[in-house]
Amino acid sequence: AQLDTLDLLVLVALLLGSVAYFTKGTYWAVPKDPYASAGAGLNGAATGGKTRDIVEKLNETGKNCVIFYGSQTGTAEDYASRLAKEGSQRFGLKTLVADIEDYDYDTLDKFPEDKIAFFVLATYGEGEPTDNAVDFYQFITGDDVAFESGGGADDQPLSSLKFVAFGLGNNTYEHYNAMVRHIDAALTKLGATRIGTAGEGDDGAGTMEEDFLAWKEPMWAALSESMDLQEREAIYEPVFSIIEDDEKTSEDEGVYLGEPTAAHREGRAKGPFSAHNPYIAPIVESRELFAVKDRNCLHMEISLAGSNLSYQTGDHVAVWPTNAGAEVDRFLQVFGLEDKRHSVINIKGIDVTAKVSIPTPTTYDAAVRYYMEACAPVSRQFVATLAAFAPDEQTKAEIVRLGSDKDYFHEKISGQRFNIAQALQSITSKTFTAVPFSLLIEGLNKLQPRYYSISSSSLVQKDKISITAVVESVRLPGATHMVKGVTTNYLFALKQKQNGDPSPDPHGLTYQITGPRNNYDGIHVPVHIRHSNFKLPSDPSKPIIMVGPGTGVAPFRGFIQERAALAAKGEKVGTTVLFFGCRKSDEDFLYNAEFQTYQEQLGDSLKIITAFSRESSEKVYVQHRLKENASLVSDLLKQKANFYVCGDAANMAREVNTVLGHIIAEQRGMPAEKGEEMVKHMRSSGSYQEDVW
Ligand code: FAD
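In this report, the structure presented in the accompanying data block is examined. Everything numeric in this text was worked out from a predicted model, so none of it was measured.

### A few points about empty space enclosed by the protein
Line of reasoning, step 1. Per the stated rule, a full pass over the model turns up 1 cavity of 30 Å³ or more.
Line of reasoning, step 2. Approximately 30 Å³ is the volume found for the largest cavity.
Line of reasoning, step 3. Forming the boundary of the largest cavity are Ile54, Phe68, Ile100, Tyr103, Asp104, Tyr105, Leu108, Phe119 and Phe136.
Line of reasoning, step 4. Taken together, the residues of the lining of the largest cavity sort by class into 8 nonpolar, no polar and 1 charged.

Listed below in structure tokens is the structure:
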């Protein structure tokens, strides 16, 4: 009977869950051109002429190939640009890169047979479309897909559409590459013809780049045959013209020195603050959470007061980082730009459809420091494109070898976790002065904000969010350099500065802490808020089970803070269980002292169950503790507990999922598959929620 009740609950919640899912697009942040207000004619070109009809757009611009991207963190967008460039340089295609949300989809049935559409689509979170692909996904997979000429799903309205598809996914998530799979199936069902296989890149296995490279060669062969394309020797053609402006200096008002938008540059930034218009927020407090020397975890309190920004417990905050000075210097030195780092440059797309992602005019220094992902892992294809601009024949030969030999590249470059400048420095001490700056803009992503799970409760501190971030600093065995995370080391430097630490540049990274035109002075950081579906039950008397080892505890600190406050107000608060894990109780037990206070406030209803992996001979993790507490977990689930997991997506979250399936099956005497099934149901109904990365 218990099972029946649970099944029923699952069904009801499933229905509510789908409603929530399909309305999400209406309040998700919708990316727009961040520099639109710059008046510099930057990205206006992206939708030049402003038509949303892709067929019209291709005709207007004389293109025969559109490469749509659905991107969350910029990788899919980067792959789209790379395909566009390769298509144009190797095969003479006239390519257009398109943000999928910049177009309508009801004219796809008029897509000309002699043209080609690429779909480069990332899958986000639980098999979801990226924010910019939500509308497309809903349209093309919907039951009542209606095209302009009136075709329905029964006939084959897309029979003239030829397409190429590549997906970016992560096999550690359950719905691996769901987006590209669903879109491929939906387009095919509507009569479209796919050229080549639908590629799938796997971030989980760390093979995204190699999967992409392996997929694209047979795809180009199939496409050449289908469109009768002739391959030619690829000659580099810059996408952007970079013109140095000797008349201007970096002091001039109109020059972007790292500001995210024109309004920020002009000192008149105002709300609404969003993913395109960050708020320069004061960090009001920052402190270290770990009690060990060699590892750091930051707690930061960031004020939203007066910004009109609001958040709900469980939301995310995005932090807009700055590259480390030492890496900016290295980059400029390697490409021979050191002496003219403060020269003013104008960046323009040579083709009207080229999208300039860097605000212009700017300087080389600001471009690298604030706008380019200069420290990221290096792509083999990108390194290969530098061969033509190598300082000497020997270096060129080495780069050609690196570009064509996957294993050698891994041994020398990616396995060392070099960024591009470190990679080139490892090959030669000569500078690469011949590399066009356009190629660097094309080859590197734009610098992305990083997300953090807000670790405070909006009920307790409405105008102040906190984050809990572990500083990414890894020395690989045998490697000479440390691999440093961009954002967390920047935040660490801000914390050092705020606390008047005698070594404000703990790792010699020399951040420009006061920001462009000193506008971040007094310890400010650009942020925006991203609303999430990771939420406490609206009824606080419902029990909750939280699994959050390491920084995975972040949102749960907010959850517990909130439930303690509700209890203090006299509300009935249900059982609150936290499974927390770390290495040692006296080293990295985050918020230990604070949790003791909550324990006093919540009494027996708060249970904190810990797993310290390095305190016994056998490593103990949260999933082991979960298993040991199977009957508690099962009882709470029967009482309609919500189950939450936060933190490491690669291993922990997956294992917790499996263990929970076992617990349900065992405790209820069901076959294992049924347990798994129940967890699936819990997921789709919203009673099993994940916030993983
Ligand atoms: P990055 O520079 O982005 O580097 C990321 C990783 O790549 C590092 O491990 C680094 O060692 C490695 N790397 C860097 N450069 C190279 C290279 N050249 N070659 C190879 N490898 C390299 N984190 C938290 O600490 N707390 C949270 O609450 C939290 N919440 C999150 C919520 C969401 C929804 C998401 C998506 C992520 C969350 N994260 C959280 C992770 C966070 O967004 C960042 O990814 C993390 O802080 C690292 O950022 P970074 O800029 O310091 O590192």
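Structure's up, so let's keep going.
### Remarks on the packing of aromatic side chains
Each aromatic ring pair is described using two quantities: the centre-to-centre distance and the angle formed by the ring planes.
Line of reasoning, step 1. Under the counting rule described, the total for this entry stands at 30 aromatic pairs.
Line of reasoning, step 2. When the centroid spacing of 4.9 Å and the interplanar angle of 55° are considered together, the rings of phenylalanine 331 and phenylalanine 335 count as tilted. The same class applies to phenylalanine 331 as to phenylalanine 335, namely buried.
Line of reasoning, step 3. Of the aromatic side chains, those joined through ring pairs into one cluster are Phe68, Tyr103, Tyr105, Phe119, Phe136, Phe139, Phe147 and Phe163.
Line of reasoning, step 4. One cation-aromatic arrangement involves arginine 265 over tyrosine 256; the distance from NZ or CZ to the ring centre is 4.6 Å.
Line of reasoning, step 5. The side chain of arginine 557 reaches across the aromatic face of tyrosine 591, ending 4.9 Å from its centre.

### Describing helix H4 (residues 134–141)
Line of reasoning, step 1. Considered for burial, the residues of H4 that qualify are Val134, Phe136, Tyr137 and Ile140. One face of H4 carries all of its buried residues, which in axial projection span an arc of 165°.

### Some words on the site of the ligand
Line of reasoning, step 1. Around the ligand, a shell composed of 24 residues is seen, among which Tyr451, Tyr452, Thr468, Thr487 and Thr488 lie nearest.
Line of reasoning, step 2. Between a nitrogen atom of the ligand and a main-chain N or O atom of threonine 468, the distance comes to 2.8 Å.
Line of reasoning, step 3. Within the backbone of valine 486, an N or O atom sits 2.8 Å from an oxygen atom of the ligand.
Line of reasoning, step 4. About the coverage of the ligand: the protein hides 81% of its 970 Å² of free accessible area.
Line of reasoning, step 5. Mapped onto the shell around the ligand, the elements with two or more residues apiece are strand S14 (450–453), strand S15 (464–470) and helix H15 (486–498).
Line of reasoning, step 6. Sorting elements by how many residues they give to the shell around the ligand places S14 first, with 4 residues.
Line of reasoning, step 7. Broken down by class, the residue content of the shell around the ligand amounts to 12 nonpolar, 8 polar and 4 charged.
Line of reasoning, step 8. For the shell around the ligand, the two domains that each supply at least three residues are domain 1 (2–22 + 533–692) and domain 3 (238–376 + 445–473 + 482–532).

### Observations regarding the sheet that holds strand S13 (residues 362–363)
Line of reasoning, step 1. Spatially, the 3 strands line up as an open sheet ordered S8-S12-S13, and their pairing is antiparallel. Edge positions in the open sheet fall to strand S8 (240–245) and S13, since each of these has one partner strand only.
Line of reasoning, step 2. Here S8 pairs with strand S12 (residues 344–349) via 6 bridges, running antiparallel. Paired with phenylalanine 240 across the strands is glycine 349, a residue of S12.

### Here we look at the environment of glycine 314
Line of reasoning, step 1. Along the chain, glycine 314 falls in the loop between strand S10 (297–303) and strand S11 (316–319).
Line of reasoning, step 2. For glycine 314, a relative accessible area of 1% gives the class buried.
Line of reasoning, step 3. Residues contacting glycine 314, with those up to four places away along its chain left out, are Ser532, Phe534, Lys535 and Phe559.

### Here we look at the nonpolar core
Line of reasoning, step 1. Core analysis: the biggest nonpolar cluster contains 46 residues, and Phe331, Phe335, Met372, Ile420 and Phe437 have the highest contact counts within it.
Line of reasoning, step 2. At 6 residues, the largest contribution of residues to this core is made by helix H9 (residues 364–371).
Line of reasoning, step 3. The contacts of isoleucine 420, once residues within four sequence positions are left out, are Phe331, Phe335, Ala374, Ala376, Val378, Phe382, Val383, Leu386 and Leu444.
Line of reasoning, step 4. Judged by nonpolar contacts, the second largest core, of 33 residues, contains Ile283, Ile454, Ile465 and Tyr520.

### Overview of the packing of helix H20 (residues 652–667) against helix H21 (residues 672–685)
Line of reasoning, step 1. For the pair H20 and H21, the least separation of the axes is 7 Å and the interaxial angle reads 120°. The angle between H20 and H21 places the two elements in the oblique class. Considering how the two elements wind past one another, H20 and H21 form a crossing that is right-handed. Contacts from Asn657, Leu660, Gly661, Ile664 and Ala665 in H20 reach Ala672, Gly675, Glu676, Met678, Val679, Met682 and Arg683 in H21.

Rules used throughout
- Residues numbered from 1 in each chain as written.
- Predicted model: local features only at pLDDT ≥ 70, side-chain atom pairs only at ≥ 80, totals over all residues.
- Heavy atoms only, no water.
- 1 Å grid on protein atoms, 1.4 Å probe; cavity = no way out; pocket = protein on both sides within 12 Å on 5 of 7 lines; lining within 4 Å.
- Points joined across faces, edges and corners; volume = space filled by probe spheres on them.
- Nonpolar A, V, L, I, M, F, W, Y, C, P; charged D, E, K, R; others polar.
- Phe/Tyr/Trp six-rings, centres within 6.5 Å; stacked < 30°, edge-to-face > 60°.
- Buried < 20%, exposed > 50% of the residue type's maximum accessible area, 1.4 Å probe, protein only.
- Lys NZ or Arg CZ within 6 Å of the ring centre and 35° of its normal.
- Helix = DSSP H or I, 4+ residues; strand = E, 2+ residues; numbered from the N terminus.
- Arc of directions from axis to C-beta.
- Near = heavy atom within 4 Å.
- Polar contact = N/O pair within 3.5 Å; in protein donor to acceptor, adjacent residues only side chain to side chain.
- Areas by Shrake-Rupley, 256 points an atom, 1.4 Å probe, with all protein chains shown as cover.
- Domains from an automatic or database assignment.
- Pairing = 2+ DSSP bridges.
- Contact = heavy atoms within 4.5 Å.
- Core = buried A, V, L, I, M, F, W, Y, C linked by side-chain atoms within 4.5 Å.
- Axes fitted to C-alpha atoms, helices over the stretch in contact; angles between N-to-C directions.
- Parallel < 35°, antiparallel > 145°, perpendicular 65-115°, else oblique.
- Left-handed = near helix turned anticlockwise from the far one by under 90°.

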